[in-house]
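Descriptive structure summary
If you want the building blocks of each chain, they are given just below.
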Amino acid sequence: MKRFTASFRLLTSTFAMVPAWAQSAPAPALNLELNAAQPSDKGCRLTFVVNNALGADLSKAAFEIALFNEAGAVDRLTVLDFKDLPAGKTKVTRFDLAGADCGKLSRVLINGATQCAGNGFEPAACMRGLKTSTRTAIAFGV
């Protein structure tokens, strides 16, 4: 019985370690949050918080976005250039959209990456790793 108890303890202590082995590193991601939409002198100012968790620096990142009005129709397409995004860094960037009315924006859609330059990156890599969120009443995503 002693032998069985010792074996059982060894077995249960081994299974207790499995979660530590099973844990893996988070998937590489480019986290993009629409943080605020505020009226400005020019139109509507969109504020984004972006975190490059792709594991390498991006020397240039730009995305084509579509702005939808309150009726759900596309109001315009434009490119937002986030410039350089160092690995592991969080950055806040603002864009003034001339003539846009924040109160009439219902949705911001990332249509695609127009540029994603860095250590072996291409536009598809930025889109694959893109994770979007919003802190506004405006829907935001891909």
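Residues numbered from 1 in each chain as written. Predicted model: local features only at pLDDT ≥ 70, side-chain atom pairs only at ≥ 80, totals over all residues. Heavy atoms only, no water.

**With respect to the side chain of Asn51**
- Tracing the backbone shows Asn51 in strand E2 (residues 43-53).
- For Asn51, the side chain forms a polar contact with the main-chain oxygen of Lys89, separated by 3.5 Å.
- When residues no more than four places from it in sequence are discounted, the contact partners of Asn51 are Ala29, Leu30, Asn31, Gly88, Lys89 and Thr90. (Helix = DSSP H or I, 4+ residues; strand = E, 2+ residues; numbered from the N terminus. Polar contact = N/O pair within 3.5 Å; in protein donor to acceptor, adjacent residues only side chain to side chain. Contact = heavy atoms within 4.5 Å.)

**A look at the state of the cysteines**
- According to the stated counting rule, one finds two disulfides in the structure shown.
- A sulfur-sulfur separation of 1.9 Å characterises the disulfide bridge that pairs Cys44 with Cys102. A torsion of 105 degrees about the S-S bond marks the disulfide between Cys44 and Cys102 as right-handed. Remark: Cys102 occurs in the loop between strand E5 (90-98) and strand E6 (107-118) and Cys44 occurs in strand E2; sequence separation between them is 58 residues.
- The buried category is assigned to Cys44, whose relative accessible area is 0%.
- You can call Cys102 buried: its relative accessible area is 11%.
- A sulfur-sulfur separation of 2.0 Å characterises the disulfide bridge that pairs Cys116 with Cys126. The sign of the S-S torsion, about 75 degrees, decides the handedness of the disulfide formed by Cys116 and Cys126: right-handed. Taken together, the residues span a long stretch of sequence, with Cys116 in strand E6 and Cys126 in helix H2 (residues 123-129) at a distance of 10 residues. The exposure classification of Cys116 matches that of Cys126, with both residues buried.
- If the cysteines joined by disulfides in the protein are listed in sequence order, their pairing comes out as 1-2, 3-4. (Disulfide = S-S within 2.5 Å. Buried < 20%, exposed > 50% of the residue type's maximum accessible area, 1.4 Å probe, protein only.)

**So, the pattern of salt bridges**
- Enumeration over the complete set of coordinates arrives at five salt bridges.
- Among the salt bridges present, the one from Asp81 reaches Lys60, with a minimum N-O distance of 2.5 Å. Linking Asp81 in strand E4 (residues 74-85) with Lys60 in strand E3 (residues 58-68), this pair joins segments that are 21 residues apart in sequence.
- The class for Asp81 is partly exposed, based on a relative accessible area of 23%.
- As a salt-bridge pair, Asp84 and Lys91 come within 3.6 Å of each other at their nearest N and O atoms.
- Classification of Lys91 by relative accessible area gives partly exposed; the value is 22%. (Salt bridge = Lys/Arg side-chain N within 4 Å of Asp/Glu carboxyl O.)

That's the geometry; what it means functionally is another story.
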